[in-house]
Every structure is written in structure tokens, then in C-alpha cells.
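One letter stands for each residue in the lines below.
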Amino acid sequence: MSTPRPTPSETPSGTTTLWRPTGPEELALVRESGWRAWPPRLPEQPIFYPVLNEDYAVRIARDWNVKHSGAGFVTRFEVETGFLRRYPVRQAGGETILELWVPAEELDAFNAHIVGPIEVTHEFR
């Protein structure tokens, strides 16, 4: 018997909190958007993957982004839960390694369902 996949947690306002580890170049593009949208994916990035818990985002930003970009950032943002239901939760490793996989061609629609600003919660150098 397979274990049921977890689902994102909805807030009372009908949104789901997501996190995204990011490097300085992507963060600069988010800043240029007025903290409202994620930039288009590069050709070698067919998937945009926000994560479902802050600890996982911290580990990626600290352990991967710093090594590859000199700095790593964790962002937090809210997305309409009803919209997110189209994306199954993916377990990318251990029990808490949970992501949503948003196809690059759907990123504009995803961005349209972000509620409020994208916020930086952690910075590593």
C-alpha cells in the first residue's frame, strides 16, 4: 500500500505559503518585478519548483546557492490554494523534501495567482 502524498496547507485567507531558495541573479529579477513575480525560466530550466517548507529552502540556499553563486536567499510567498491544486506535491527526497513542479510554460499563470509580495526571509553568503 502506498503512502498518501501530503498536500499544501491552506491558510484561513485561502492561500498556501511557499518558499523558494534562489541565487542573486534570480532575486534581482524578482526585485525588478516589484517583488510580485518569478522570472521566466531559462531554456535549461523546464520546471519552476517552489518548496513546501522553510527548512528545505534554507538547506538549498545555504548549501547549494552559496557554493554556486556566492550567495543564497530564501523567499516566502503566498499563492491561491485553489490554483495550486493542479500541481501534485512531489517528494524529492526524504519525508520533508517536498516541492511543487510548475512547468515553465505555466509560470505566468502561476505568477498571476501570487497574493502579496515575495519576501526574503534568509540570506547566506
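Figured I'd write up the structure that's included with this text. (Residues numbered from 1 in each chain as written. Predicted model: local features only at pLDDT ≥ 70, side-chain atom pairs only at ≥ 80, totals over all residues. Heavy atoms only, no water.)

1. What about the pairing of strand E1 (residues 15-22)?
Argument step 1. A large share of E1 lies buried, amounting to eight of its eight residues.
Argument step 2. When E1 meets strand E3 (residues 72-80), the two strands line up antiparallel, connected through eight bridges. The residue bridging proline 21 from the neighbouring strand is valine 74, located in E3. (Buried < 20%, exposed > 50% of the residue type's maximum accessible area, 1.4 Å probe, protein only. Helix = DSSP H or I, 4+ residues; strand = E, 2+ residues; numbered from the N terminus. Pairing = 2+ DSSP bridges.)

2. Focus: the nonpolar core
General note: in soluble globular proteins, nonpolar side chains tend to be found buried as a group.
Argument step 1. Counting residues in each nonpolar core, the largest one holds 18 residues, and the members touching the most others are Leu18, Trp38, Phe77, Val79, Leu84 and Phe110.
Argument step 2. Among the elements of the structure, E3, helix H3 (81-84), strand E5 (98-100), helix H4 (107-112) and strand E7 (114-124) are those that each provide at least two residues to this core.
Argument step 3. Residues in contact with tryptophan 38, not counting those within four places in the same chain, are Arg20, Glu26, Val30, Phe48, Thr75, Phe77, Leu107, Phe110, Asn111, Ile114 and Ile118.
Argument step 4. With nine residues, the next largest nonpolar core counts Val51, Tyr56, Ala61 and Ile97 among its residues. (Core = buried A, V, L, I, M, F, W, Y, C linked by side-chain atoms within 4.5 Å. Contact = heavy atoms within 4.5 Å.)

3. Description of the sheet that holds E1
Argument step 1. If you walk across this open sheet you meet the three strands as E1-E3-E7, and the pairing is antiparallel. Looking at strand neighbours, the two that pair on one side only are E1 and E7, the edges of this open sheet. Between one strand axis and the next, the sheet turns by 20 degrees as a mean value, whatever way the strands run. (Axes fitted to C-alpha atoms, helices over the stretch in contact; angles between N-to-C directions.)

4. Digging into the environment of glutamine 45
Argument step 1. Relative to the assigned elements, glutamine 45 resides in the loop between helix H1 (24-32) and strand E2 (47-48).
Argument step 2. Judged by relative accessible area, which is 29%, glutamine 45 ranks as partly exposed.
Argument step 3. Here the alpha-carbon distance between glutamine 45 and tryptophan 19, two residues 26 residues apart in the chain, equals 18 Å.

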